[in-house]
Amino acid sequence: MKLGQKVYITEYYIKAGSVDLKKLPEHEQKVLAGGGHINKPSVEIVGCLSEGFIAGKRSIVTSRDFVEKEDPETWEQAVYEPLEVHFSYLEPIYLVATNLSTIRRVPEHAIQIIE
């Protein structure tokens, strides 16, 4: 795909909410307590049908593996930031301008070339 090429998009990514240890399902809390890691998405997929122009290409983090902090430095970290990122997964995406003020982060499989 070339810069400025006209395309249709069927979905795009937005940032997902943060991971809260207290709101995790019980089985994921047990995995963390046992020294394991859990994988959580960093983006949410939003479906749409629109057209735009290719404005660039980037790699973004689409999911992360979290582990419990072994030795928090302060009590605030132990209470408010009990998880740390163990590994991040990157995926190449295209930036698509759908109007003058909106740039969408679009995976390659969701793009159809018009011209």
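The sections below set out a description of the structure shown in this document.

## A look at the pattern of salt bridges
- All told, the structure shown has three salt bridges when counted by the stated rule.
- We note a salt bridge from Glu26 to Lys30, for which the minimum N-O separation is 3.5 Å. With Glu26 and Lys30 both in helix 1 (residues 26-33) and four residues apart, this pair spans about one turn of that helix.
- Classification of Glu26 as exposed rests on a relative accessible area of 56%.
- Here Glu28 ties to Lys40 by a salt bridge, and the two come within 3.1 Å at their closest N and O atoms. Of the two residues, Glu28 sits in helix 1 while Lys40 sits in strand 2 (residues 38-41), which places them twelve residues apart along the sequence.
- Relative accessible area serves as the criterion here: at 15%, Glu28 is assigned to the buried category.

## Points about the side chain of Asp65
- As for its position among the elements, Asp65 is in strand 3 (residues 43-68).
- In this structure Asp65 is buried but unpaired, with Arg64 as the nearest side chain of opposite charge at 9.6 Å.
- A polar atom in the side chain of Asp65 sits 2.7 Å from the side chain of Asn39.
- A distance of 2.9 Å separates polar atoms of two side chains, one belonging to Asp65 and the other to Tyr89.
- Setting aside chain neighbours within four positions, we find Asp65 in contact with His37, Ile38, Asn39, Glu84, Val85, His86, Phe87 and Tyr89.

## Considering the nonpolar core
- Counting ten residues, the largest nonpolar core consists of Val7, Ile9, Tyr12, Cys48, Ile54, Tyr94, Val96, Val106, Ala110 and Ile111.
- Breaking this core down by element, the ones donating at least two residues are strand 1 (6-15), strand 3 and strand 4 (83-99).
- Here this core takes three residues from strand 1, the largest share from any one element.
- Dropping the residues within four chain positions of it, Ile111 is found in contact with Met1, Val7, Tyr8, Ile9, Ile54, Tyr94, Val96 and Val106.

## Let's talk about the packing of aromatic side chains
- Taken as a whole, this structure holds one aromatic pair when the rule is applied.
- Between Phe87 and Tyr89, the aromatic rings sit 4.9 Å apart at their centres with planes inclined by 75 degrees, giving edge-to-face as the arrangement.
- What makes Phe87 partly exposed here is its relative accessible area of 44%.
- Positioned over the ring face of Tyr12 is Arg104, at 4.1 Å from the centre of the ring.

Parameters and conventions
- Residues numbered from 1 in each chain as written.
- Predicted model: local features only at pLDDT ≥ 70, side-chain atom pairs only at ≥ 80, totals over all residues.
- Heavy atoms only, no water.
- Salt bridge = Lys/Arg side-chain N within 4 Å of Asp/Glu carboxyl O.
- Helix = DSSP H or I, 4+ residues; strand = E, 2+ residues; numbered from the N terminus.
- Buried < 20%, exposed > 50% of the residue type's maximum accessible area, 1.4 Å probe, protein only.
- Lys, Arg positive; Asp, Glu negative; His and termini not counted.
- Polar contact = N/O pair within 3.5 Å; in protein donor to acceptor, adjacent residues only side chain to side chain.
- Contact = heavy atoms within 4.5 Å.
- Core = buried A, V, L, I, M, F, W, Y, C linked by side-chain atoms within 4.5 Å.
- Phe/Tyr/Trp six-rings, centres within 6.5 Å; stacked < 30°, edge-to-face > 60°.
- Lys NZ or Arg CZ within 6 Å of the ring centre and 35° of its normal.

As far as function goes, none of this settles anything; it's purely spatial.
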